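# Understanding the architecture of this molecule
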Amino acid sequence: MLSAAQQEQYQRDGFLVLPGFKSADEIAALRAGAARIVDAFDPAAASGIFTTKDQEKKADEYFLRSDNTIRCFFEEEAFGPDGQLRQAKELSINKIGHAMHDLDPAFRAFSNDPRLQQVAHDVGLADPQVWQSMYIFKQPGIGGEVRWHQDATYFETDPISVTTFWFALEDATLDNGCLWAEPGGHRTPLRERFVRTGDDIRVEKLDATPWPDDSTAVPLECKAGALVLFHGLLPHYSAPNRSPVSRHAYTLHVTDGATVYSPRNWIQRDAAFPVRGFT
């Protein structure tokens, strides 16, 4: 799937943008699937607010039990001072996670793509294993910031192998909170590790290397249908969305089965619900 030049670019920069990877029909089917999940979601049954700012305090049983099922999470700014939603629930959800690729037909159809298997092989994943899926809404006006981080923080393997497949379901622009990344930043150390022991989770600080800033980071603006592929050590970030338009995206986090998956990662699978690849 990837040319020699594209593979070289990925190795150099730690990311690659592939325009037009998914069709308008594929995007529409996935968005319809997400809409069905949100429509069936009862806000009164959930306590999940997604944030990357204070992992240890915000992560609760609702989050932990989302590892191998499907749950909706609210934006931090979705609620008013009275504790009520400021607007309709479909405009208040931050994301859906984390096993739609296995449990929902629309998401399974989108994710089970032999082309993704080939792309994974082209960037060095001998045995791709898909651990997590997320549908990210980046709601207009209240879409929250996602602070600088590395995805290997959440999916440690030895050696590090996690690779992110990020699909733009709408145009991602500077105005609505597109991704930012640091070219070559995948050659910097892993700074943090998100560790789970039973229902106890903590963030271990590993390295004091500073996060990038505007002097080294670049925006990854792209059109709907693009696939953004990036290395698990690549620092990346997205700004809040203060624009009047949303920025829907879908992500898959994939490791190499030829590496050792840490038993301290927050998502685990067993024989009753085995981790699978793209096909």
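To be clear, the structure that these remarks concern was listed above.
Every chain begins its residue count from 1, and numbering advances along the sequence as written. Local features are withheld for residues below a pLDDT of 70 in this predicted model, meaning they are given only at 70 or higher, and side-chain atom pairs are given and counted only at 80 or more; totals for whole chains, interfaces and linings count all residues. Side-chain descriptors were evaluated using all non-hydrogen atoms of the structure, hydrogens and water having been removed beforehand.

### Notes on the sheet that holds strand S13 (residues 236-238)
We count it as follows: Strands pair, by our definition, only if DSSP identifies at least two bridges between them. By the criteria applied, helices consist of DSSP H or I runs no shorter than four residues and strands consist of E runs no shorter than two, each listed in order from the N terminus.
The strand order across the open sheet built from four strands is S5-S13-S8-S11, with neighbouring strands paired in antiparallel fashion. The two strands at the open ends of the sheet, each matched to only one other strand, are strand S5 (146-149) and strand S11 (218-219).

### Quick word on the sheet that holds strand S3 (residues 93-98)
Our working definition: Structural elements are reduced to axes, namely lines fitted to C-alpha atoms, with helices fitted over the stretch in contact, and the angle between N-to-C directions of any two is expressed from 0 to 180 degrees. The criterion used for residue contact is that any of the two residues' heavy atoms lie within 4.5 Å.
An order of S1-S12-S7-S14-S4-S3-S2 is seen for the seven strands of this open sheet, with the pairing classed as antiparallel. Two strands bound the open sheet, and with one partner strand each, they are strand S1 (15-18) and strand S2 (70-74). Averaged over neighbouring strand pairs, the angle between their axes works out to 20° when direction is ignored. Pairing of strand S4 (residues 128-136) with strand S14 (residues 249-256), which is carried by eight bridges, proceeds in the antiparallel orientation. When the sheet's bridge partners are listed, Gln132 is paired in S14 with His253. In the packing of helix H7 (residues 114-122) onto the sheet, the strands contacted are S4, strand S7 (163-168) and strand S12 (227-231), and the crossing angle to S7 comes to about 135°.

### A closer look at the pattern of salt bridges
The following threshold applies: Here a salt bridge means any side-chain nitrogen of Lys or Arg lying within 4 Å of a carboxyl oxygen belonging to Asp or Glu. For the exposure calls, accessible area comes from a 1.4 Å probe over protein chains only, and a residue counts as buried if that area is under 20% of its type's maximum, exposed if over 50%, partly exposed in between.
Enumeration over the complete set of coordinates arrives at 18 salt bridges. The residue Lys205 makes a salt bridge to Glu192 at a minimum N-O spacing of 2.7 Å. Linking Lys205 in strand S10 (residues 200-205) with Glu192 in strand S9 (residues 192-197), this pair joins segments that are 13 residues apart in sequence. Lys205 sits in the exposed class, given a relative accessible area of 64%. You can call Glu192 buried: its relative accessible area is 7%.

### Focus on the environment of Gly232
Along the chain, Gly232 turns up in the loop between S12 and S13. Measuring from C-alpha to C-alpha, the distance between Gly232 and Thr255 comes to 9.1 Å, with 23 residues separating the pair along the chain.

### Regarding the packing of aromatic side chains
Cut-off, in case you're wondering: By convention, a stacked pair of Phe, Tyr or Trp rings (six-membered ring in the case of Trp) has centres within 6.5 Å and planes under 30 degrees apart, an edge-to-face pair has planes over 60 apart, and any other such pair is tilted.
Within this structure, the stated rule accounts for 15 aromatic pairs. Ring centres of Phe63 and Phe73 lie 6.3 Å apart, and the angle between their planes is 65°; on these two criteria the pair is classed as edge-to-face. Taken as a pair, Phe63 in helix H4 (residues 61-64) and Phe73 in strand S2 lie far apart in primary sequence, ten residues in all. Taking relative accessible area as the criterion, Phe63 reaches 11% and is therefore assigned buried.

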